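Here are the chains, one letter per residue:
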Amino acid sequence: MIFLVNLGVLFIYFTIFFILAQVKKNNGLADIGWGMGFVVVAFSSLIYAGDYSLIPLTITALVTIWGFRLFFFLGLRNWNKAEDYRYVAMKEKWKTNLVLKAFIYVFMLQGAFLFIISLPIQLASYVNIQADSSLQYAILGFGVILWLIGFYFEAVGDQQLKKFKSVPTNKGKILSTGLWKYTRHPNYFGESVMWWAVWIVSMASLSFLSLLGIIGPIFITLLLLFVSGVPLLEKKYKNNALFQEYAKKTSVFFPLPPKK
């Protein structure tokens, strides 16, 4: 079954990144592997199912664009950087069996999360239903438009932050212009929107099974809002007076006009 195949593929994929991380002594390489992992699942699903119809091809194209952008963005930024503070903190907390715990709690856990989030991708190939009605094309088109909005927020938000940080005089300052004027986390908001869009595209099959894929966007949204995205950065800047002033007038996640 396609789901078991993808579990095996993800196990191998993240094991490779785990080995690379041990060689580089940097568990942060798991972040680099995140985006490309979805591309791997998309192509694995497509090839295994042998369904090259419009819906799975559209999803594969969208996921590939997003995954490659994130892979190269994080890869160029993090490959030779010191290990991220989050992973350093994990090691300090674990104290013993660091390699085994990194394998289980970083790489395999990311693989499990990726598997859950990618359910709309897998189901689109599994149900094997072609779009042949105006309603199906309308759902697919709406999903693609929504995905483009999400991609804009993530890609442009990342680029604005990168450009801001590249200016030496901005060190210690908080970015509060561009998309960052309307949400404190435009990149995370954009990522959430894109996964809702992928699920909507998968729903163009009009299959009851595709409804189950809603688990994916719900999971990633909750993850970003309450676990690994927003909370970690908010905690990092909790004692930063400039950030707290910025937070008083800027929406935490959903883009809204800044408060006066």
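Treat the numbers as computed from the prediction; the structure is a model and nothing was measured. (Residues numbered from 1 in each chain as written. Predicted model: local features only at pLDDT ≥ 70, side-chain atom pairs only at ≥ 80, totals over all residues. Heavy atoms only, no water.)

### Notes on the overall build of the protein chain
Regarding its fold elements, the protein chain presents twelve helices and zero strands. Secondary structure elements in the protein chain, listed N-terminal to C-terminal, are α-α-α-α-α-α-α-α-α-α-α-α. Its C-alpha atoms give the protein chain a radius of gyration of 19 Å, within 12% of the compact-globule value 18 Å for 260 residues. Expressed along its principal axes, the backbone C-alpha trace of the protein chain runs to roughly 55 × 50 × 25 Å. Counting all 260 residues of the protein chain, 49% fall into the buried class. Across the protein chain, every contact between residues at least 6 apart in sequence was considered, and the portion connecting residues at least 24 apart equals 80%. For the protein chain, the exposed area adds up to about 13400 Å²; of that, 70% sits on carbon and sulfur atoms. For the protein chain, the separation between the mean place of its 24 positive charges and that of its 11 negative charges on side chains is 11 Å. (Helix = DSSP H or I, 4+ residues; strand = E, 2+ residues; numbered from the N terminus. Rg over C-alpha atoms; globule rule 2.2 N^0.38 Å. Buried < 20%, exposed > 50% of the residue type's maximum accessible area, 1.4 Å probe, protein only. Contact = heavy atoms within 4.5 Å. Areas by Shrake-Rupley, 256 points an atom, 1.4 Å probe, with all protein chains shown as cover. Lys, Arg positive; Asp, Glu negative; His and termini not counted. Charge placed at Lys NZ, Arg CZ, Asp CG, Glu CD.)

### A closer look at the pattern of salt bridges
As a working rule, side chains carrying opposite charge can pair if their charged atoms are close by. Enumeration according to the criterion identifies six salt bridges in this entry. A salt bridge links Arg 86 to Asp 31, with the nearest nitrogen and oxygen atoms 2.5 Å apart. Placement of the pair is Arg 86 in helix H4 (residues 85-94) and Asp 31 in helix H2 (residues 29-49), with a sequence separation of 55 residues. Arg 86 gets classed as partly exposed once you look at its relative accessible area, which sits at 24%. Across the pair Arg 69 and Glu 154 runs a salt bridge whose closest N-O atoms are separated by 3.4 Å. (Salt bridge = Lys/Arg side-chain N within 4 Å of Asp/Glu carboxyl O.)

### Focus: the side chain of Arg 184
Tracing the sequence through the fold places Arg 184 in the loop between helix H7 (134-165) and helix H8 (186-202). Among the polar contacts made by the side chain of Arg 184, one reaches the side chain of Glu 234 at a distance of 3.0 Å. Setting aside residues up to four positions removed in sequence, Arg 184 forms contacts with Glu 234, Phe 243, Tyr 246, Ala 247, Thr 250, Ser 251 and Val 252. (Polar contact = N/O pair within 3.5 Å; in protein donor to acceptor, adjacent residues only side chain to side chain.)

### Here we look at a positive patch on the surface
Together, Arg 77, Lys 81, Lys 165 and Lys 236 make up a positively charged patch on the protein surface. Tracing the sequence through the fold places Arg 77 in helix H3 (residues 54-78). (Patch = residues over 30% accessible without salt bridge, like charges linked within 9 Å, V, L, I, M, F, W, Y side chains within 5 Å.)

### Quick look at H8
When the terminal C-alpha atoms of H8 are compared, their 24 Å separation across 17 residues agrees well with the 24 Å that a helix rising 1.5 Å per residue should span. Most of H8 sits out of view: 16 of its 17 residues are buried. (Expected span 1.5 Å × (residues − 1).)

### Re the environment of Lys 235
Along the chain, Lys 235 falls in helix H11 (residues 230-236). For Lys 235, a relative accessible area of 57% translates into the label exposed. Measuring from C-alpha to C-alpha, the distance between Lys 235 and Ala 138 comes to 41 Å, with 97 residues separating the pair along the chain.

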